[in-house]
Amino acid sequence: MKQQEIGRKPSYVYYFTRPLPGNDEGAYHGCEPWYVFHTLSRNWRPMTADDKALSNRMVGYWTNFMKTGNANGAGLPEWKLCTLAEPFVLTLDVE
């Protein structure tokens, strides 16, 4: 929303809530790169099929955004832009 307040385009905003398996610290800054870069297999933690599905979803969003400027694509839940009129934040976690 701040982007719009200063005259820029709306943004895709997310909240990553998945704690890394085998860790009692909860979700923290730095958890999501394993998912975004599709490197769960290089992680020593007990990743699950749900973690792999979350990673696939995130890779889909990021790839679509890099290709087209729109994070949405076939087979992905809709990720709305966060605007002043509709401050949408996508929660990313296992389902």
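What comes next concerns the included structure. Here the structure is a predicted model, which means the values were calculated and not measured. (Residues numbered from 1 in each chain as written. Predicted model: local features only at pLDDT ≥ 70, side-chain atom pairs only at ≥ 80, totals over all residues. Heavy atoms only, no water.)

Right, let's talk about the side chain of Ser55 for a bit. Along the polypeptide, Ser55 turns up in helix 3 (residues 49-68). For Ser55, the residues in contact, after removing those within four places along its chain, are Trp34, Tyr35, His38 and Leu40. (Helix = DSSP H or I, 4+ residues; strand = E, 2+ residues; numbered from the N terminus. Contact = heavy atoms within 4.5 Å.)

What follows deals with the environment of Arg42. By secondary structure assignment, the location of Arg42 is in the loop between helix 2 (33-36) and helix 3. A relative accessible area of 68% places Arg42 in the exposed class. Sequence-wise, Arg42 and Pro87 are 45 residues apart; in three dimensions their C-alpha atoms are separated by 35 Å. (Buried < 20%, exposed > 50% of the residue type's maximum accessible area, 1.4 Å probe, protein only.)

Okay, helix 3 next. When the terminal C-alpha atoms of helix 3 are compared, their 28 Å separation across 20 residues agrees well with the 28 Å that a helix rising 1.5 Å per residue should span. Those residues of helix 3 that fall on the buried side of the exposure criterion are Asp51, Leu54, Ser55, Arg57, Met58, Gly60, Tyr61 and Asn64. Those residues of helix 3 hidden inside the fold are in contact with strand 1 (14-16), helix 2 and strand 2 (90-92). Measuring from the side-chain oxygen of the N-cap residue of helix 3 to the backbone nitrogen of Asp50 gives 3.2 Å; that N-cap residue is Thr48. At the exit of helix 3 stands Gly69, carrying a positive phi of roughly 85 degrees. (Expected span 1.5 Å × (residues − 1). Polar contact = N/O pair within 3.5 Å; in protein donor to acceptor, adjacent residues only side chain to side chain.)

This part covers the nonpolar core. Phe16, Tyr35, Leu54, Met58, Tyr61, Trp79 and Leu92 are the most contacted members of the largest nonpolar core, which has 16 residues in total. Looking at this core, the elements with two or more residues in it are helix 2, helix 3 and strand 2. In terms of residue count, helix 3 provides more of this core than any other element does, 3 residues in total. Not counting chain neighbours up to four residues away, the residues in contact with Trp79 comprise Tyr12, Val13, Tyr14, Tyr61, Trp62, Ala71, Asn72, Phe88 and Leu90. (Core = buried A, V, L, I, M, F, W, Y, C linked by side-chain atoms within 4.5 Å.)

Following the criterion strictly, the structure yields 8 aromatic pairs and no others. Their ring planes at 70 degrees and their centres at 5.4 Å tell us that Tyr12 and Trp79 sit as a pair that is edge-to-face. In this pair, Tyr12 is assigned in the loop between helix 1 (2-5) and strand 1 and Trp79 in the loop between helix 3 and strand 2, connecting sequence segments 67 residues apart. Residues Tyr12 and Trp79 agree in their burial class; the two are buried. (Phe/Tyr/Trp six-rings, centres within 6.5 Å; stacked < 30°, edge-to-face > 60°.)

Okay, the environment of Glu86 next. Residue position: Glu86 is located in the loop between helix 3 and strand 2. Residue Glu86 is classed as partly exposed on the basis of its relative accessible area, which comes to 41%. The residues contacting Glu86, other than those within four sequence positions of it, are Lys80 and Leu81.

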